[in-house]
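The lines below spell out each chain.
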Amino acid sequence: MNRSMRLTCLTVLAAAVCLPAMASEPTMPEWDQLSAETRATLIAPIRERWNSQPDGRERMLQRAQRWSEMTPEQRGKARHGMDRWHHMSPAQRLEARALYSKMRGMNPDARKSLREQWRNMTPEQRKAWVEANPAPDSGERPR
């Protein structure tokens, strides 16, 4: 067997040995299997926020309770919404607040109608609509 054949055989053998190991990604341990130090590291940001925002503690607890009651699908939708919100400009957030505030009290048909109307508006018309229909609390909410 010449050198190139040996190299090819070694490459095939290495792939046969390594691919199954690479295919099965290591799984992360359950919470109870984490060390106390790792748990403390994961919890530290929440502890810091809890201690630094005493007025927001009730809201934090309510959010945690609501989150624990959600299905995995609902959590995915919530994460998607949080990501969208995070990437919005201040003007887009103002629009979203105004639309949400207005749509809250509407029946499904009226919401659908407003969404269609919104899609057909020019940016200037949207700005005028937001000014005419401001959200009751248009300031940034604390996290």
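Numbering of residues begins from 1 in every chain and follows the order in which that chain's sequence is written. Only residues with pLDDT of at least 70 get local features here, since the model is predicted, and only at 80 or more are side-chain atom pairs given and counted; chain-wide, interface and lining totals rely on the full set of residues. Excluded from the side-chain calculation are hydrogens and water; included are all heavy atoms of the structure.

**Q** How would you sum up the overall build of the protein? Please name residues and give values.
**A** Here a helix means four or more residues in a row that DSSP labels H or I, a strand means two or more in a row labelled E, and each is numbered from the N terminus. For the protein, the count of helices and strands is seven helices and zero strands. In sequence order, the secondary structure elements of the protein are arranged as α-α-α-α-α-α-α. For the protein, with 143 residues in total, the buried portion stands at 10%. Whether two residues touch is decided by their heavy atoms; if any such pair falls within 4.5 Å, the residues are in contact. Considering only contacts in the protein between residues 6 or more positions apart, those separated by 24 or more positions represent 39%. Only protein chains enter the calculation, and the probe is 1.4 Å; a residue is then buried if its accessible area is under 20% of its type maximum, exposed if over 50%, and partly exposed in between.

**Q** Could you give an account of the packing of helix α6 (residues 108–120) against helix α7 (residues 123–132), naming the residues involved and the relevant values?
**A** Angle between the axes and distance between the axes: these two values describe a pair of packed helices. Packing of α6 against α7 brings their axes to within 8 Å, and their N-to-C directions diverge by 135 degrees. The orientation of α6 with respect to α7, classified from their angle, is oblique. Here α6 contributes Leu-114, Trp-118, Arg-119 and Asn-120 to the contact with α7, which in turn contributes Gln-125, Arg-126, Trp-129 and Val-130. When the residues that make up the contact of α6 with α7 are grouped by side-chain class, the tally is four nonpolar, two polar and two charged. To obtain each axis, a line is fitted to C-alpha atoms, and for helices this fit is confined to the stretch in contact; angles are then taken between N-to-C directions over 0 to 180 degrees. Here roughly perpendicular refers to angles of 65 to 115 degrees, roughly parallel to angles under 35, roughly antiparallel to angles over 145, and oblique to all remaining angles. Asp, Glu, Lys and Arg are counted as charged, while Ala, Val, Leu, Ile, Met, Phe, Trp, Tyr, Cys and Pro are counted as nonpolar; the rest, among them Gly, fall into the polar class.

**Q** Describe in detail the layout of surface pockets, supporting the description with residues and values.
**A** Method remark: on a 1 Å grid restricted to protein atoms, a set of points is classed as a cavity if a 1.4 Å probe fits but cannot get out and as a pocket if it is open with protein on both sides within 12 Å along at least five of seven lines; lining residues have an atom within 4 Å of a point. Grid points are joined across faces, edges and corners, and a volume is the space filled by probe spheres set on the points. One number sums up the size of the largest pocket: a volume of about 2300 Å³. Lining the largest pocket are 43 residues, with Arg-59, Arg-63, Gly-81, Met-82 and Trp-85 sitting closest to its centre. Elements with a contribution of two residues or more to the lining of the largest pocket: α2 (36–52), α3 (57–69), α4 (72–86), α5 (90–104) and α6. Of the residues belonging to the lining of the largest pocket, the class tally is 19 nonpolar, five polar and 19 charged.

**Q** Account for the nonpolar core, naming residues and giving values.
**A** For this analysis, a nonpolar core means a set of buried residues of the types Ala, Val, Leu, Ile, Met, Phe, Trp, Tyr and Cys, connected via side-chain atoms within 4.5 Å. Core analysis: the largest hydrophobic core is formed by eight residues, namely Ala-98, Leu-99, Met-103, Leu-114, Trp-118, Met-121, Trp-129 and Val-130. Every element with two or more residues in this core is listed here: α5, α6 and α7. For Trp-129, the contacting residues outside a window of four places in its chain are Ala-98, Leu-99, Lys-102, Leu-114, Trp-118 and Met-121.

**Q** Now, about the side chain of Asn-133: what can you tell me, with residues and values included?
**A** With respect to the secondary-structure elements, Asn-133 resides in the segment after α7. For Asn-133, a relative accessible area of 18% translates into the label buried. Excluding residues that lie within four positions of it along the chain, Asn-133 makes contacts with Ala-98 and Lys-102.

**Q** Lay out α6 with the relevant residues and their values.
**A** A helix is expected to reach a length of 1.5 Å times the quantity of its residues less one. Compared with an ideal rise of 1.5 Å per residue, which puts 13 residues at 18 Å, α6 spans 19 Å between its outermost C-alpha atoms and is within 8% of the ideal. Identification of polar contacts relies on pairs of N or O atoms within 3.5 Å, with a donor-acceptor requirement for protein atoms, meaning one able to donate a hydrogen and the other able to accept it, and with residues adjacent in sequence counted only if both atoms are side-chain atoms. Among the residues of α6, the N-terminal cap falls to Asn-107, whose side-chain oxygen and the backbone nitrogen of Asp-109 are separated by 3.0 Å.

Read these as layout, nothing more, since geometry by itself doesn't imply function.
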